[in-house]
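This is what each chain is made of:
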Amino acid sequence: MALTFMSRRPDSGLGNIRSSPGDPSRNIDWVLLTLQGVLMVAGCFVVYSASRTRIPGDPLAFADRQVVFAIVGAVVTVLVMSIDYATLRDRATGIYAGTIALLVLLLLVGLAQGADRISFDFGPFNLQPAELAKFSTMAMLATYLAETRSEEVTYSRFIGGLVIVGLPTLLVVAQPDLGSASVLVSLAMGVLLIAGARAKYIATISLLSVLTVVAAFVGRLVNRYQIERIRVFLDQDTTDPMLQDAVYQVRNAIRAVGIGGVWGKGWLQGPLTNGRDIPVMWADFPFAAVAEQFGMVGSIVLIALFCLVLVRIWRIATLAKDMLGTYIASGVFTMVLWQFFQNVGMTLGITPVTGLPMPFISYGGSSLLVYCAMFGAVQSVYMRRMR
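Every chain is numbered independently, its residues counted from 1 as its sequence is written. Given that this is a predicted model, residues contribute local features only at a pLDDT of at least 70 and side-chain atom pairs are listed and counted only at 80 or more, while totals for whole chains, interfaces and linings are drawn from all residues. Calculated side-chain values reflect all of the structure's heavy atoms, with hydrogen atoms and water omitted.

K.L.:
It is not clear to me how the packing of aromatic side chains should be interpreted in this structure. Could you clarify?
P.N.:
How two aromatic rings sit relative to each other is set out by the distance from centre to centre and by the angle between their planes. Working definition: rings of Phe, Tyr and Trp (its six-membered ring) pair if their centres are within 6.5 Å, and the pair is stacked with planes under 30 degrees apart, edge-to-face with planes over 60 apart, and tilted otherwise. Scanning the entire structure with this criterion turns up 11 aromatic pairs. Between F69 and Y363 the ring centres are 6.2 Å apart and the planes differ by 50°, which places this aromatic pair in the tilted class. Placement of the pair is F69 in helix α3 (residues 61-81) and Y363 in the loop between α14 (323-348) and α15 (365-383), with a sequence separation of 294 residues. In this structure, F69 and Y363 share a single accessibility class: buried. Each ring, one from W338 and one from F341, has its centre 5.9 Å from the other, and the planes form 40°; the classification is tilted. Taken together, the residues span about one helical turn, with W338 and F341 both in helix α14 at a distance of three residues. Exposed residues in this analysis have more than 50% of their type's maximum accessible area, buried residues have under 20%, and partly exposed residues fall in between, with area computed by a 1.4 Å probe over protein chains only. The class of W338 is partly exposed, set by a relative accessible area of 28%. Taken together through their ring pairs, the aromatic side chains of F45, Y48, W267 and F294 make up a single cluster. Runs of E in the DSSP output that reach at least two residues are strands. Runs of H or I that reach at least four are helices, and both are numbered from the N terminus.

In structure tokens:
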């Protein structure tokens, strides 16, 4: 009887203890998953507070959609993390090629209509290929660099990586969407740096990026409002009547942060958040809504949440079992860091207004779903680190 008891396998119970320690289901990064969930829920509340007065009679117009996006995003995260990230080796090329095709198609549709386009309109949902390019370019670049085991990126590998990132970047610039293009550039710099690219290679990327932006302005590939945003950034005290709308937006975003003080005006009590003083606040300036309603304390909490997210992703990059996993996590780390910094920076007036959304917080289905997919990929790297 005793022998039977001792030889009996334990029940599965919580934690699936019957499976081996290396089973992916037992190696989820619950801290990162919880942080992601907190940010997604917070984003729904921020979108509601910043948009509820924009459409008379329909205060939930934007918030309802954001909740739906969040639910779908949660499903996307679970689906992606359940798939072995190693499958990207075989599928990255197809995903990347499909994204390039969508970017080209969007450009052709815009040329045919005689208007700039950054998304395909499907009624209640707009598909932005530039957001898809973040995931597909990350997957393609990580797969490409992981093909060789080397402590240093050779010049030929560097050029290959530059082409992989450069093609979608140029197509995104042509939309024009300089904000998303800057995210792709940051992706290239981050992953290539981790892969062992020399400092002069990174300097080359920086120089080419600057020249691309200059060429876009000289070639009139950018809209008038984007030129105005750069001029306002360089001279925020301008009195040029042609720039007053752009100045008004930036100044009120900065005012909202100052009005919040230490503790904020309270939930739904921000005068600028409830008014119409900051256009598209729910998408472009969510940090201003947080700062005005919850003050410096709320702002610090939000920043701390993103810092914890970045720490967890960096930890996963160091624990990955292979370089493919390291590059995937490093790419996501770089994009989250840059996009969060840029969104907060343009709210405070220390970076140009680019329209880049804050991950998980800003309104937008394409951005939210893509970041959910990328976080799912990072989870997949962590879950399979012991296999």
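What follows continues from the structure just given.
K.L.:
Any chance you could explain a nonpolar patch on the surface here in plain terms?
P.N.:
Within the patch definition used here, like charges are joined within 9 Å and nonpolar side chains (Val, Leu, Ile, Met, Phe, Trp, Tyr) within 5 Å, considering only residues with over 30% relative accessible area and no salt bridge. Note that accessible areas follow from Shrake-Rupley with a 1.4 Å probe, and for residues the cover is restricted to the protein chains shown. Every case where a carboxyl oxygen of Asp or Glu lies within 4 Å of a side-chain nitrogen of Lys or Arg is listed as a salt bridge. Taken together, V262, W263, M296, V297, I300 and V301 make up a surface patch of nonpolar side chains, about 590 Å² in accessible area. Mapped onto the fold, I300 is located in helix α13 (residues 286-319).

K.L.:
How should the environment of D235 be read in this particular structure?
P.N.:
Here D235 lies in the loop between α9 (224-234) and α10 (244-260). For D235 and V247, which are 12 residues apart along the polypeptide, the C-alpha to C-alpha distance reads 9.3 Å.

K.L.:
What exactly am I supposed to notice about the nonpolar core here?
P.N.:
For this analysis, a nonpolar core means a set of buried residues of the types Ala, Val, Leu, Ile, Met, Phe, Trp, Tyr and Cys, connected via side-chain atoms within 4.5 Å. The biggest cluster of nonpolar side chains holds 103 residues, and the ones touching the most others in it are I313, I328 and F375. Looking at which element gives the most residues to this core, the answer is α13, with 12 residues. Leaving out residues up to four positions away in the same chain, F375 has contacts with L32, Q36, V309, I313, V332, V336 and F360. Here, two residues are considered to be in contact whenever any of their heavy atoms come within 4.5 Å of each other.

K.L.:
Is there a simple way to explain the side chain of S299 in this structure?
P.N.:
Mapped onto the elements, S299 comes out in helix α13. For S299, a relative accessible area of 8% corresponds to the buried category. Dropping the residues within four chain positions of it, S299 is found in contact with F287, V290 and A291.

K.L.:
Quick question: what am I supposed to make of the environment of V290 here?
P.N.:
With respect to the helices and strands, V290 occurs in helix α13. In the structure, V290 is positioned 20 residues away from G270 in sequence and 9.3 Å away in space, judged by C-alpha atoms. Excluding its chain neighbours within four sequence positions, the residues that come into contact with V290 are V46, G295, G298, S299 and L302.

K.L.:
Please clarify how the pattern of salt bridges should be interpreted in this entry.
P.N.:
Oppositely charged side chains can pair when the atoms bearing their charge come close. Using the criterion set out here, one finds four salt bridges in the structure. We note a salt bridge from R312 to D29, for which the minimum N-O separation is 3.1 Å. Of the two residues, R312 is situated in helix α13 and D29 in the loop between α1 (2-7) and α2 (30-51); the sequence distance between them amounts to 283 residues. Overall, D29 belongs to the buried group, its relative accessible area being 2%.

K.L.:
Is there a simple way to explain α14 in this structure?
P.N.:
Within an α-helix, residues lying three or four positions from one another point in the same direction, as the helix has 3.6 residues per turn. To estimate how far a helix should extend, the number of its residues minus one is multiplied by 1.5 Å. Counted at 1.5 Å a residue, the expected span for α14 with its 26 residues is 38 Å, and the 37 Å between its end C-alpha atoms agrees. With 21 of 26 residues buried, α14 lies mostly within the body of the structure. G349 lies just past α14 and shows a positive phi near 80°.

K.L.:
Quick question: what am I supposed to make of the confidence of the model for the protein chain here?
P.N.:
When pLDDT drops low, the exact placement of atoms in the prediction is not to be read closely. With 90% of its residues at a pLDDT of 70 or more, the protein chain has an overall mean of 86. Across residues 1-14 the pLDDT falls below 50, and counting only partners more than four positions away or on other chains, this stretch makes seven contacts in the model. Residue-level confidence of the predictor, termed pLDDT, takes values from 0 up to 100.

K.L.:
Which parts of the structure should I look at to understand unusual backbone geometry?
P.N.:
Backbone geometry follows two general trends: most residues other than glycine have a negative phi, and most peptide bonds adopt the trans configuration. Residues Q175 and P176 are joined by a peptide bond in cis, for which omega reads 0°. As for its placement among the helices and strands, P176 is situated in the loop between α6 (155-173) and α7 (178-195). For L268, which is not a glycine, the phi torsion comes out positive at approximately 65°. Phi at F360 takes a positive value of approximately 70°, unusual for a residue other than glycine. Here F360 falls in the buried class, since its relative accessible area comes to 3%.

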